Amino acid sequence: MDTPRPADPCVLVIFGGTGDLTRRKLLPALLNLAEEGLLPERFAVLGVSSHDQSDEAYREEMRRALREHATPPTDTAACEDLVRRLHHLSGDLQETATYRELAARLAVLDAAHETGGNALLYLAVPPSLFVSTLKRLGKVGLLAERDGWRRVVIEKPFGRDYPSAVALNAAIREVLAETQVYRIDHYLGKETVQNLLVFRFANGIFEPIWNRRYVDHVQITVAEELGVERRGRYYEEAGALRDMVPNHLFQLLSITAMEPPISFEADAVSDEKVKILKAVPPLAPEAVLHCAVRGQYGPGEIDGKPVAGYRQEPDVAPGSPTPTFVALKLGIDNWRWAGVPFYLRTGKRLPRRVTEIAIEFKRAPFELFRGTSVERLRANLLVVRIQPDEGIALRFGAKVPGPEVRLGNVEMEFCYSDYFGTEPATGYETLLYDCMTGDRTLFQRADMVEVAWSILTPVLDVWEALPPRDFPDYPAGSWGPPEADELMARDGRHWRMWEPKA
Ligand code: BG6
């Protein structure tokens with residue numbers, strides 16, 4: 001196997017340099033890259049924040065963050081080397097002076113580390129600051145590609161509905177070319193999500209049955225045990241649908257359903273993903289009432305411990321209408337998938353953490369087994385488990401040994417860790433590396449963001465017009481409101497169930 005080369009020389013500028021994302025994900029990811037020899041030799045990090053502190057104080061703070069959040073040991077030479085490359089700039093992002101100082105600092109770091117004018121600018125800041133930060137960066141000339149490249153990483157949310165997503169993309173286009181923009185969806189950094197592409201397109205046996213002739217329906221579940229933690233303020237604005245569906249769930253949906261791309265080039269892959277989302281008919285208002293379910297958790301129990309309801313979480317309004325659970329039934333109107341329902345659900349404070357894609361195939365004809373004790377033949381099921389216990393399982397029927405013909409359901413299972421061991425990863429390693437090497441395959445393109453919102457905006461509109469009257473409607477530690485089960489039951493189907501945790 002080819003060993004990947006270290007990323008291109010650059011200065012990584014992190015706006016929000018002392019924030020949660022930097023401490024929990026970005027720095028630990030950089031350390032993992034450093035340990036694997038994938039960080040360039042000519043490299044520096046400049047954290048920008050409002051804290052007034054020296055480079056040395058910043059290094060000390062980040063050293064502590066690494067000790068707390070990084071997986072590999074932090075007393076290594078690689079860790080020390082990374083910490084030495086950290087620098088800090090204090091400033092208010094609303095002030096143009098900050099950007100002038102940034103330009104000066106960047107020039108100094110560029111010369112000292114010989115990074116050839118390359119800069120990766122990471123906006124780990126609240127979405128309300130995206131546009132103003134970009135405008136100011138543009139104004140002081142920091143986005144112009146003169147000697148080296150200039151790339152900008154943006155974290156979701158990319159808008160909060162269709163019109164705002166279009167406006168955000170327009171503002172981005174005023175200062176950046178689309179090829180300079182890296183819209184991160186950390187689900188695409190997960191190994192199993194990437195493997196789904198390989199699984200589908202590098203194995204000849206699945207493609208022939210990956211269509212409406214053989215597939216009965218697809219279920220995509222992203223279940224979390226966690227509640228909103230300390231993110232009440234953000235979550236009150238977002239809610240489960242905005243937080244998870246246009247990004248993570250739609251990525252999983254489009255990778256599951258897309259046609260083979262003509263290559264693994266970024267645009268070729270994005271083209272196919274966008275085509276799938278364009279084929280999802282937006283729900284008409286009356287369909288929203290049947291095909292979209294929302295819910296909110298009340299107090300309950302998880303792992304035998306009592307947990308608070310959403311409305312009791314910090315920074316959440318006592319009568320909040322914000323959904324913490326969503327289930328949707330969508331279709332894809334194309335030749336491959338017409339008539340195959342795609343059921344999506346995601347929620348917080350569910351009984352266990354599990355992200356998976358389950359493809360249920362049509363049943364075999366019953367005729368052969370008539371007159372035997374086989375009463376119900378279950379359908380074949382292919383499960384791609386994204387997390388935890390990453391792997392792939394196939395369920396099929398087998399004869400139970402004995403003189404009678406009795407059928408049991410068995411599973412053939414592939415577990416990632418059995419074959420490949422587990423690499424310490426935050427999910428950001430590949431994404432950061434790709435930004436530094438200029439590979440946009442795993443990033444969202446503007447048109448994908450817009451089409452995702454165009455599917456969901458009708459749901460948001462109906463929900464806004466009809467505030468929920470029965471919230472909270474599921475206890476923490478349950479699988480969501482009863483309407484989610486009814487959504488499936490109406491079609492004679494049911495959601496996947498898991499044994500209670502041991
Ligand atoms: C984030 C959401 O994008 O994804 C969070 O904002 C959610 O609300 C998280 O908890 C889930 O990510 P993961 O990697 O834990 O499945």
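Note: the structure precedes this text.
Residues numbered from 1 in each chain as written. Predicted model: local features only at pLDDT ≥ 70, side-chain atom pairs only at ≥ 80, totals over all residues. Heavy atoms only, no water.

Novice: For this particular structure, what's the right way to read the site of the ligand?
Specialist: The environment of the ligand is made up of Lys156, His186, Tyr187, Lys190, Glu224, Arg231, Asp243, Met244, His248, Lys348, Arg353 and Gln387. Measuring from an oxygen atom of the ligand, one finds a side-chain N or O atom of Lys190 at 2.6 Å. One nitrogen or oxygen atom from the side chain of His248 is found 2.7 Å from an oxygen atom belonging to the ligand. Burial of the ligand by the protein amounts to 82% of the accessible area it has alone, namely 400 Å². For the shell around the ligand, the element with the most residues is helix α8 (residues 232-257), which contributes three residues. A class-by-class count of the residues in the shell around the ligand yields two nonpolar, three polar and seven charged. (Near = heavy atom within 4 Å. Polar contact = N/O pair within 3.5 Å; in protein donor to acceptor, adjacent residues only side chain to side chain. Areas by Shrake-Rupley, 256 points an atom, 1.4 Å probe, with all protein chains shown as cover. Helix = DSSP H or I, 4+ residues; strand = E, 2+ residues; numbered from the N terminus. Nonpolar A, V, L, I, M, F, W, Y, C, P; charged D, E, K, R; others polar.)

Novice: Any chance you could explain the side chain of Arg59 here in plain terms?
Specialist: The residue Arg59 is located in helix α2 (residues 55-69) in this model. On the basis of relative accessible area, Arg59 is assigned to the buried category, the value being 12%. A distance of 2.7 Å separates the side chain of Arg59 from the backbone oxygen of Leu86, its partner in a polar contact. Setting aside chain neighbours within four positions, we find Arg59 in contact with Val83, Arg84, Leu86 and His87. (Buried < 20%, exposed > 50% of the residue type's maximum accessible area, 1.4 Å probe, protein only. Contact = heavy atoms within 4.5 Å.)

Novice: Where do I start with the pairing of strand β16 (residues 391-400) in this structure?
Specialist: Side chains on a regular strand alternate between the two faces of the sheet. Here strand β15 (residues 381-387) runs beside β16; their pairing, made up of five bridges, is antiparallel. Bridge pairing links Val383 to Ala393 in β16. The hairpin turn running from β15 into β16, its antiparallel successor, is three residues long, and Asp389 in that turn takes a positive phi close to 55 degrees. Where β16 and strand β17 (residues 406-415) come together, ten bridges link them in antiparallel fashion. (Pairing = 2+ DSSP bridges.)

Novice: Would you take a moment to explain a negative patch on the surface for this structure?
Specialist: Taken together, the side chains of Asp470, Glu483, Asp485 and Glu486 make up a negatively charged region of the molecular surface. Mapped onto the secondary structure, Glu486 falls in helix α14 (residues 482-489). On the accessibility criterion, Glu486 (41% relative accessible area) is partly exposed. (Patch = residues over 30% accessible without salt bridge, like charges linked within 9 Å, V, L, I, M, F, W, Y side chains within 5 Å. Salt bridge = Lys/Arg side-chain N within 4 Å of Asp/Glu carboxyl O. Lys, Arg positive; Asp, Glu negative; His and termini not counted. Charge placed at Lys NZ, Arg CZ, Asp CG, Glu CD.)

Novice: Can you walk me through helix α9 (residues 266-278) in this structure?
Specialist: In a regular helix each residue adds 1.5 Å, so 13 residues correspond to 18 Å; α9 covers 18 Å between its end C-alpha atoms and thus fits that length. Along its buried surface, α9 packs onto α8 and α13 (446-465). (Expected span 1.5 Å × (residues − 1).)

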